Amino acid sequence: MDVILVLNAGSSSLKFQIFAVGSKGPERQVKGQIDGIGVHPRFRAANAAGAVLIDERAEVKAIPDLPAATRALKDWLRALSGYSLQAVGHRVVHGGPDYSAPVCIDDIVLERLRALEALAPLHQPNNLAPIRLVRELAPDLPQVACFDTAFHRNHPAVADCYAIPRALHDEGVRRYGFHGLSYEYVSQRLSEVAPEIANGRVIVAHLGSGASMCALKARRSVDSTMGFTALDGLPMGTRPGQIDPGVVLYLIDQKGMTAAEVSSLLYQDSGLRGLSGVSNDMRELLACDDPRAAFAIDYFVQRCVMNIGGLAAAMDGVDALVFTAGIGENAPEIRARIASRLGWLGAALDPQANAAAATVISAPGSALRLMVVPTDEELMIARQTLALLPSSI
Ligand code: ADP
């Protein structure tokens, strides 16, 4: 069976999926991850029916880093019979100002992606490490980079800028926007489940550990809440979302914090975790009776509602609000709280449909259509990879 391998490499985990390549498009066969890399490595995978194929812990010295994890994955894949690997599709967080579509990786592309590491120092080097190793191990195997930024690259110029000197924009300090693979998947899915909505004005709320929103007009991104980095916009599990840059100056000038300390505060210690002092996990906050947990949820809902208002204004109105990702798909209470604040946009929730996470969760007659559309970033990567392969595959 011809297959595509999809890799999503992070600082401590290598997530992977295998898709069969058929006439109906990619079909998922295997889903797995090696997590705890360098700390408590664990290699898990299951087939499409959920049957466990492997669940093993490894010594730290066996999987100390991402290249070692990639090698372990390669050895395991080789032992799986019946699969003929045709290509590898990679999630790459940053495509910079130039890449507005996925791209086949060669030496020139790899060098351009390396040059973008400064724009995403926490993610880009990890995304590129397995690409390099695969090129070493199998130089002829096609590899495709699929970007989180690409979907937003054609947004209007006013959505691309900060009000800072133009020279900084020209050197790459721009509002890139992220979660683009998720938004592109949701927009394609909307075309299937609600074509009349897909062609209108839609706000997609990707609410997970990382959270952002995107304004879609006729399936194209016209604005989003994330900007230069994935810190901006909504509060997240451990990131603050929108914050006055003066706070950062205060931390450096008055508190003597180093850039590394500020980075750690903004990426790891803020957001729901920082506000609640309890957890970065929405499920735990919802189950907790500590008033600080309730306050963190209040803040999250407030910022979601305010950003929906802003994105609706950016499109001169909004026809639908779509929830997706961990919180968006699984937390009816959060959806209900957000919807209850959108009466001014004509939103009316159907509580039963919401409890059941139906595709449409608004009541009949609601002027704003409320929907739940589960995202699938890996399937999007597989589709993009397949689209760039020679048609003989
Ligand atoms: P990421 O992919 O960015 O790591 P996810 O999309 O998996 O994140 O979302 C993780 C978030 O979703 C966590 O805050 C988690 O608590 C939340 N979540 C998952 N399931 C539920 C649930 N049933 N109720 C509330 N929150 C949930």
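Structure: above.
A closer look at the site of the ligand
Then step 1. Gly 208, Ser 209, Gly 210, Asp 281, Met 282, Arg 283, Leu 286, Ala 325, Gly 326, Ile 327, Asn 330 and Ala 331 make up every residue found near the ligand.
Then step 2. Between Gly 326 and the ligand, the recorded distance is 2.9 Å, taken from a backbone N or O atom to an oxygen atom.
Then step 3. Backbone polar atom of Ile 327 to an oxygen atom of the ligand: 3.3 Å apart, as the coordinates give it.
Then step 4. Bound to the protein, the ligand loses 68% of the 580 Å² it would expose on its own.
Then step 5. At the level of elements, helix 10 (282-287) and helix 12 (325-330) are the ones that each hand at least two residues to the shell around the ligand.

What about the pattern of salt bridges?
Then step 1. Under the criterion given, the structure shown has 20 salt bridges.
Then step 2. Salt-bridge contacts for Glu 117 lead to Arg 132; the nearest nitrogen and oxygen are separated by 3.9 Å. One end of the pair, Glu 117, is in the loop between helix 2 (107-115) and helix 3 (124-137); the other, Arg 132, is in helix 3, with 15 residues separating them in the sequence.
Then step 3. A salt bridge links Asp 290 to Arg 292, with the nearest nitrogen and oxygen atoms 2.9 Å apart.
Then step 4. You can call Arg 292 partly exposed: its relative accessible area is 43%.
Then step 5. Taken together, the salt bridges that share partners define one network made up of Arg 91, Asp 148 and Glu 377.

A look at the sheet that holds strand 7 (residues 103-104)
Then step 1. Across the sheet, which stays open at both edges, the 8 strands sit in the order 5-4-3-2-1-6-8-7 with mixed pairing between neighbours. Strand pairing shows two members of the sheet lacking a second neighbour, strand 5 (52-57) and strand 7, which therefore form its edges.
Then step 2. Bridge count for strand 1 (residues 2-9) against strand 6 (residues 84-92) is 6 bridges, and the pairing is parallel. Bridge assignment links Leu 5 to a residue of strand 6, and that residue is Val 88.

Rules used throughout
- Residues numbered from 1 in each chain as written.
- Predicted model: local features only at pLDDT ≥ 70, side-chain atom pairs only at ≥ 80, totals over all residues.
- Heavy atoms only, no water.
- Near = heavy atom within 4 Å.
- Polar contact = N/O pair within 3.5 Å; in protein donor to acceptor, adjacent residues only side chain to side chain.
- Areas by Shrake-Rupley, 256 points an atom, 1.4 Å probe, with all protein chains shown as cover.
- Helix = DSSP H or I, 4+ residues; strand = E, 2+ residues; numbered from the N terminus.
- Salt bridge = Lys/Arg side-chain N within 4 Å of Asp/Glu carboxyl O.
- Buried < 20%, exposed > 50% of the residue type's maximum accessible area, 1.4 Å probe, protein only.
- Pairing = 2+ DSSP bridges.

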